[in-house]
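Okay, here's what each chain looks like letter by letter:
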Amino acid sequence: MYADVIIDQDAKALDKVFVYSIADGLDVKVGMRVIVPFGARHLQGFVVGLKDDCDYDKSRIKQISSVVEDFSAIKPEMLELMKFMAKKNHLSLASILRLFIPTEMREGKVKELFKTFYSIAPEKEIFLPKSAKKQQEIVDLLSQMPRVEGSKLNEKFGYSSIKSLLDKGYIKKELEKFSRRPEIDMGETAKVTLNQMQKNAIEAIKGNATYLLHGVTGSGKTEVYMHLIDDVLKEGKSAIMLVPEISLTPQIFNHFKLRFGERVAILHSGLSAGERFDEWKRLFSGEAQIAIGARSAIFAPLENLGIIIIDEEHEQSYISEANPRFSTHDVADFRARYNNCPLVLGSATPSVESYEKAKRSEYNLIEMPTRANGKELPTIQIVDMIGQIRQGNSGIFSNELIAALANVVNDKKQAMLFINRRGYSSFMRCRECGYIAKCTDCDVSLVYHREDNRLKCHYCGKQFKVLDVCPKCGSENIKQGAVGTEKVVGELQKLFPDVKILRMDNDTTGTKNAHQKILNEFKNSLPSILVGTQMIAKGHDFENVVLVGIVDADQSLFHADYRSTERTFQLITQVSGRAGRGGSEGKVILQTYAPRHYVYKFVANYDYKGFFRKEENIRQTAEFPPFSRIIRVLFSNRDEKTALDELKVRYNKIVKLKEAYGSEIIYLDAMKSPIKKIQDKYRYQIMLRVKLEKADQIENEVFELVKNNTKNNVFIEINPQSLS
Ligand code: ADP
Ligand code: ZN
Ligand code: ZN
């Protein structure tokens, strides 16, 4: 017998299938991990195929040395998925296979855990001297119980007494495998009766198709998901439920744990290595049938899937931006089609791309336009901050927001203040007239770069001098301005010295369970104010929150990204959804320097469709995705000249595509990356924007031309989320 093996190494030269022979008596199956001789070394590999014969010179074929585990860690479906991803995402086979098993297992770092139990040895009669008091106590205890856990006995009596009893053969010891389980703090959950809207949604979702579930915040999508999963389990099938990394609040896990108990396994980056490995094994063995987690849970080793759900489908975190680069939607689609089951994409604000697909009937659209508990969506009041300056208030908070906060404090309720902050860089804005510096060619906002004090366009690379005065109104009050959470908390505390004010951002949530601690403290204090970044935008369901303040809504609007308007719409809708979920009416105060921007009109009216039509129109005219494709080739190297040389060689090849494809290529140029250096590596890039018709072809050609780099320092990104 012969085996096709993929070597678990990064080198491009090894990115192919190698043939090994199998010694008689060695049980090798497809999907197993094996150790093979390679040159002078022994390396790990994956068996991806078996065959009786092979075409090579058999005298030169080496034998598989051993198997790593006696089971196939990679299941047949995942081998098919590997082929799909290799083609679709132009990835090396080994890099894909690694996604399918926990890192800890790959590196052989975690072992299965065993617990010790002690019990009375039945066959021995026990004689203990009077002085052996502790031993006697142990014997008395064990006589009353079938067995006691080792750690408990140890703690109480100490190991020396246990050991004496063991040595004399009076008690015996057994080992039992056990799973490390992530701890969840269980709360209670109200039992709800489905409303007609939810019933209709559940009724509609069946068969081998993709559904876009467009439901306003609080429409009860979670309940729909749980019912769908329940039905799937009853048929003896399994389910994957994905949530974005950012909304990995314990709340969603609690819901699922309470409903499905041991049948749920949780996969996300916050788990310890051991926990992750054990949860993976429970899915692998079929002990758990529901995988719930962030992006990587899409690779859960479940068989016989009955449904895949992606909640908050518009979230950026579903696209992997680090290597290996892939889109969760593509993988989910593959697995759903393979298993012949529905794929559900849920959101209050679907991505323009997904909604476009629904419009073209590629997805089935299901709508849930009202809140499940009958509550109105909160009113969104837009406050013009330039008007505030004219009235003499140049602080962070408008008079309206201060008054609303005072009411919340008076009524002993709660408020959330949202600080919209992304990345390191920011735009330039005139605080007198609202002017924003934009690229003359691309009509996207320029980004201020502190390191060289320039304004840069992230699409075409053009650079501009930093402005000292506003070109529109002549004011000198022009600067790049983002306020941080810390500053906001400081200012708030001055206004409301006696009120509990909590802060949630990257700085305050570094430690394990920090999230939960802050949220619990917030929940248990009345009145209280929670100040935070994107982290507070999703998933939380606090009934006493009656006010949401968006301190500077424009922060995501004028980011140099064709998706920035879409992101702003999504973010504001999400944060607003936190208000008025309980008994009292909710209110949102949105502060902006651009009150007439179309996004604010649509967002205040909860008019997703109107927004979509406008946005669709703009993207179509400007030829941005989903009406074109952006391909970025990124070169990074510690040595600037090497990066630049690599870029030149490739650019000279890629530029020839222009002759072949003409106007199919809307834009092509080479430039320094907007952020010139990251982690001590210089960055250069080639940017292409191409029409859809020939996009696949051009993409493939670009990959072909860029390939053959040996050092792994060239990356290709399709419609990248960030262009820094
Ligand atoms: P979404 O995920 O769509 O934002 P949730 O699933 O969080 O909404 O539901 C919002 C609230 O409505 C939750 O408190 C939930 O318990 C409640 N809810 C869901 N379905 C119903 C129902 N049929 N009747 C009453 N309340 C419901
Ligand atoms: Zn101005
Ligand atoms: Zn530009």
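Quick note: structure is the one above.
The model shown is predicted, which means the values in this text are computed figures rather than measured ones.

J.: What is the right way to look at the overall build of the protein in this model?
T.: When its secondary structure is counted, the protein shows 23 helices and 30 strands. Along the three orthogonal principal directions, the C-alpha set of the protein runs to about 100 × 75 × 50 Å. Looking at the 724 residues of the protein, the share that counts as buried comes to 54%. Taking all contacts inside the protein whose residues are at least 6 apart in sequence as the whole, residues at least 24 apart take part in 75%. Put simply, the protein shows about 33,200 Å² of open surface, and 48% of that area lies on carbon and sulfur atoms.

J.: In this structure, what is going on with the coordination of the zinc ion (ligand 2)? I would like to understand it.
T.: For a metal bound by four donors in a tetrahedral arrangement, the ideal donor-metal-donor angle is 109.5 degrees, while six donors in an octahedral arrangement ideally sit at 90 or 180 degrees. For the zinc ion (ligand 2), every protein donor is listed as Cys430 (SG), Cys433 (SG), Cys470 (SG) and Cys473 (SG), and the spread of their distances is 2.2 to 2.4 Å. Here the zinc ion (ligand 2) is ringed by 4 donor atoms whose angles at the metal span 105 to 112 degrees, and the overall shape comes out tetrahedral. In the primary sequence, the donor residues of the zinc ion (ligand 2) line up as C-x2-C-x36-C-x2-C. Taken together, the positions of Cys433 in the loop between strand 18 (428-430) and strand 19 (447-449) and Cys473 in the loop between strand 21 (463-465) and strand 22 (478-480) put the pair 40 residues apart, joining distant regions of the chain. Here Cys433 falls in the partly exposed class, since its relative accessible area comes to 21%. Taking relative accessible area as the criterion, Cys473 reaches 40% and is therefore assigned partly exposed.

J.: Explain the pattern of salt bridges to me, please; I cannot follow it from the model alone.
T.: Should the charged atoms of two oppositely charged side chains come close, the side chains can pair. In total, this model carries 33 salt bridges according to the counting rule given. With a closest N to O distance of 3.0 Å, Glu303 and Lys75 form a salt bridge. Remark: Lys75 occurs in the loop between strand 5 (66-67) and helix 1 (76-89) and Glu303 occurs in the loop between strand 12 (290-293) and strand 13 (305-311); sequence separation between them is 228 residues. Its salt-bridge partner being Asp552, residue Arg429 comes within 2.7 Å of it at the nearest N-O pair. With Arg429 in strand 18 and Asp552 in the loop between strand 25 (545-550) and helix 17 (554-557), this pair connects stretches of sequence that are 123 residues apart.

J.: Teacher, can you tell me more about the site of ligand 1 here?
T.: Taken together, 15 residues surround ligand 1, and among them Thr193, Gln198, Gly218, Lys221 and Thr222 come closest. Gln198 places a polar side-chain atom, nitrogen or oxygen, 2.8 Å from a nitrogen atom of ligand 1. In this structure, an oxygen atom belonging to ligand 1 sits 3.3 Å away from a main-chain N or O atom of Ser219. Within the complex, the protein chains bury 74% of what would otherwise be the 560 Å² of accessible surface of ligand 1. Residues that form the shell around ligand 1 fall into these classes: 4 nonpolar, 8 polar and 3 charged.

J.: Would you mind going over the sheet that holds strand 27 (residues 628-637) with me for this structure?
T.: By way of backbone hydrogen bonds, the strands of a sheet pair with one another, either parallel or antiparallel. Pairing is antiparallel in the open sheet, where 4 strands are placed in the order 28-29-27-30. The sheet is open, and its two edges are formed by strand 28 (665-678) and strand 30 (714-718), each paired on a single side. Across the sheet, the mean angle from the axis of one strand to that of its neighbour is 20 degrees, orientation sign disregarded. Of the pairings in the sheet, the one linking strand 28 to strand 29 (residues 681-691) comprises 9 bridges and is antiparallel in character. Note on strand 29: the bridge partner recorded for Ala670 is Ile686.

J.: Can you help me understand the packing of helix 18 (residues 564-576) against helix 20 (residues 608-622) in this one?
T.: Think of two packed helices as two axes; the pair is described by the angle between the axes and how far apart they sit. The geometry of helix 18 relative to helix 20 is characterised by a closest axis approach of 11 Å and an angle of 170 degrees between their N-to-C directions. By the angle between their axes, helix 18 is roughly antiparallel relative to helix 20. Judged by residue contacts, Thr565, Glu566 and Phe569 of helix 18 engage Tyr608, Phe611, Glu615 and Arg619 from helix 20. Here the contact of helix 18 with helix 20 is built from residues that sort into 3 nonpolar, 1 polar and 3 charged.

J.: When you look at helix 21 (residues 640-654) in this model, what are you seeing that I'm missing?
T.: The periodicity of an α-helix, 3.6 residues per turn, causes residues three or four places apart in sequence to face the same way. With 15 residues, helix 21 ought to run about 21 Å at 1.5 Å a step, and its terminal C-alpha atoms sit 21 Å apart, in line with that. Taken residue by residue, helix 21 has Ala643, Glu646, Leu647, Arg650 and Ile654 as its buried positions. End-on view of helix 21: buried residues confined to an arc of 100 degrees, all on one side of the axis. On its buried side, helix 21 packs onto strand 27, helix 22 (657-661), strand 28, strand 29, helix 23 (695-706) and strand 30.

J.: Before we go on, may I ask you to explain the pairing of strand 13 in this structure?
T.: In summary, the side chains of a regular strand alternate between the two faces of the sheet. The buried count for strand 13 comes to 7 of 7 residues, which makes it a mostly enclosed element. Taken together, the 5 bridges between strand 10 (residues 238-242) and strand 13 define a ladder with parallel strand orientation. Directly across from Ile240, in strand 13, lies its bridge partner Ile308. Sheet analysis places strand 13 next to strand 14 (residues 343-347), joined by 4 bridges and oriented parallel.

J.: For this particular structure, what's the right way to read a nonpolar patch on the surface?
T.: A cluster of nonpolar residues, Met1, Val30 and Leu50, forms a patch on the protein surface that exposes about 220 Å² of accessible area. Considering the arrangement of structural elements, one finds Val30 in the loop between strand 2 (17-21) and strand 3 (33-38). A relative accessible area of 32% places Val30 in the partly exposed class.

J.: Looking at this structure, I do not really get the nonpolar core. What am I missing?
T.: Of all hydrophobic cores here, the largest spans 87 residues; its most connected members are Phe100, Ile240, Phe299, Leu530 and Ile550. Looking at this core, the element that brings in the most residues is helix 1, giving 6 residues. Setting aside anything within four residues of it in sequence, one finds Phe100 in contact with Ile74, Met78, Leu81, Met82, Trp280 and Phe299. In this structure, Met197, Val224, Ile252 and Ile292 belong to the second largest nonpolar core, which totals 31 residues.

J.: Help me understand the pairing of strand 2, please; the structure alone is not making it clear to me.
T.: Of all 5 residues making up strand 2, 4 are buried, and the element is well covered by its neighbours. Direction of pairing for strand 1 (residues 2-7) relative to strand 2: antiparallel, over a ladder of 5 bridges. Across the sheet, the residue bridging to Tyr2 is Ser21, located in strand 2.

J.: Would you mind going over the packing of aromatic side chains with me for this structure?
T.: Any two aromatic rings considered together are summarised by their centre-to-centre distance and by the angle between their planes. Summed over all chains, the structure comprises 16 aromatic pairs. Look at Phe71 and Phe284: their rings are 5.2 Å apart centre to centre, the planes differ by 55 degrees, and that puts the pair in the tilted class. Of this pair, Phe71 sits in the loop between strand 5 and helix 1 while Phe284 is found in helix 10 (residues 273-284), placing the two residues 213 residues apart along the sequence. The exposure class of Phe71 is partly exposed, given its relative accessible area of 21%. Directly above the ring of Phe117 sits Arg147, whose terminal nitrogen or CZ lies 3.6 Å from the centroid. Cation over ring: Lys601 sits above Phe602, and NZ or CZ is 4.8 Å from the ring centre.

J.: What should I look at first to understand the side chain of Arg429 in this one?
T.: Overall, Arg429 belongs to the buried group, its relative accessible area being 5%. Side-chain polar atoms of Arg429 contact the side chain of Asp552, separated by 2.7 Å. A polar atom in the side chain of Arg429 sits 3.0 Å from the side chain of Asp554.

The rules behind each value
- Once a new chain begins, its residue numbering starts again from 1 and follows that chain's sequence as written.
- Following the order in which they are written, the chains are lettered starting with A and the ligands numbered starting with 1.
- Reporting of local features is limited, given that this is a predicted model, to residues whose pLDDT is at least 70; pairs of side-chain atoms are given and counted only at 80 or more, and all residues count toward the totals for whole chains, interfaces and linings.
- Values reported for side chains reflect all heavy atoms of the structure, with hydrogen atoms and water molecules removed beforehand.
- Only runs of H or I of at least four residues qualify as helices and only runs of E of at least two qualify as strands under DSSP, and these elements are numbered from the N terminus.
- Three labels apply to residues, based on accessible area from a 1.4 Å probe with only protein chains included: buried if under 20% of the type maximum, exposed if over 50%, partly exposed otherwise in between.
- We call two residues in contact whenever any of their non-hydrogen atoms come within 4.5 Å of each other.
- Method for areas: the Shrake-Rupley scheme with a 1.4 Å probe, in which residue coverage is limited to the protein chains shown.
- Because no water is among the atoms considered, metal sites can look incomplete, with donors defined as N, O and S atoms within 2.8 Å of the metal, or 3.2 Å for Na, K and Ca.
- For four-coordinate sites, all angles between 85 and 135 degrees define a tetrahedron; for four- and six-coordinate sites, opposite donors beyond 155 degrees with the remaining angles between 65 and 115 define square planar and octahedral shapes respectively, and all other cases count as irregular.
- Criterion for a salt bridge: a side-chain nitrogen of Lys or Arg within 4 Å of a carboxyl oxygen of Asp or Glu.
- Residues are classed as near a molecule or strand on a simple rule: at least one heavy atom within 4 Å of it.
- Definition of a polar contact: a pair of N or O atoms within 3.5 Å, with one able to donate and the other able to accept a hydrogen when the atoms are protein atoms, and with sequence-neighbouring residues admitted only if both atoms are side-chain atoms.
- Any residue that is not Ala, Val, Leu, Ile, Met, Phe, Trp, Tyr, Cys, Pro, Asp, Glu, Lys or Arg is counted as polar, Gly included; the first ten are nonpolar and the last four charged.
- Criterion used throughout: strands pair if DSSP finds at least two bridges between them.
- Lines fitted to the C-alpha atoms define the axes, with helices restricted to the stretch that makes contact. Angles between their N-to-C directions range from 0 to 180 degrees.
- Every angle not falling under 35 degrees, over 145, or within 65 to 115 is termed oblique; those three ranges are roughly parallel, roughly antiparallel and roughly perpendicular.
- Helix span, expected: 1.5 Å multiplied by one less than the number of residues in the helix.
- For this quantity, the arc is that covered by the directions from the helix axis to the C-beta atoms.
- Put simply, a patch holds well-exposed residues, over 30% relative accessible area, that have no salt bridge, with like charges counted together within 9 Å and Val, Leu, Ile, Met, Phe, Trp or Tyr side chains within 5 Å.
- In plain words, nonpolar cores are sets of buried Ala, Val, Leu, Ile, Met, Phe, Trp, Tyr and Cys residues tied together by side-chain atoms within 4.5 Å.
- Pairing of aromatic rings covers Phe, Tyr and the six-membered ring of Trp, with a centre-to-centre limit of 6.5 Å; geometry is then stacked below 30 degrees between planes, edge-to-face above 60, and tilted otherwise.
- Here, a charge over a ring means that NZ of Lys or CZ of Arg falls within 6 Å of the ring centre while also lying within 35 degrees of the ring normal.

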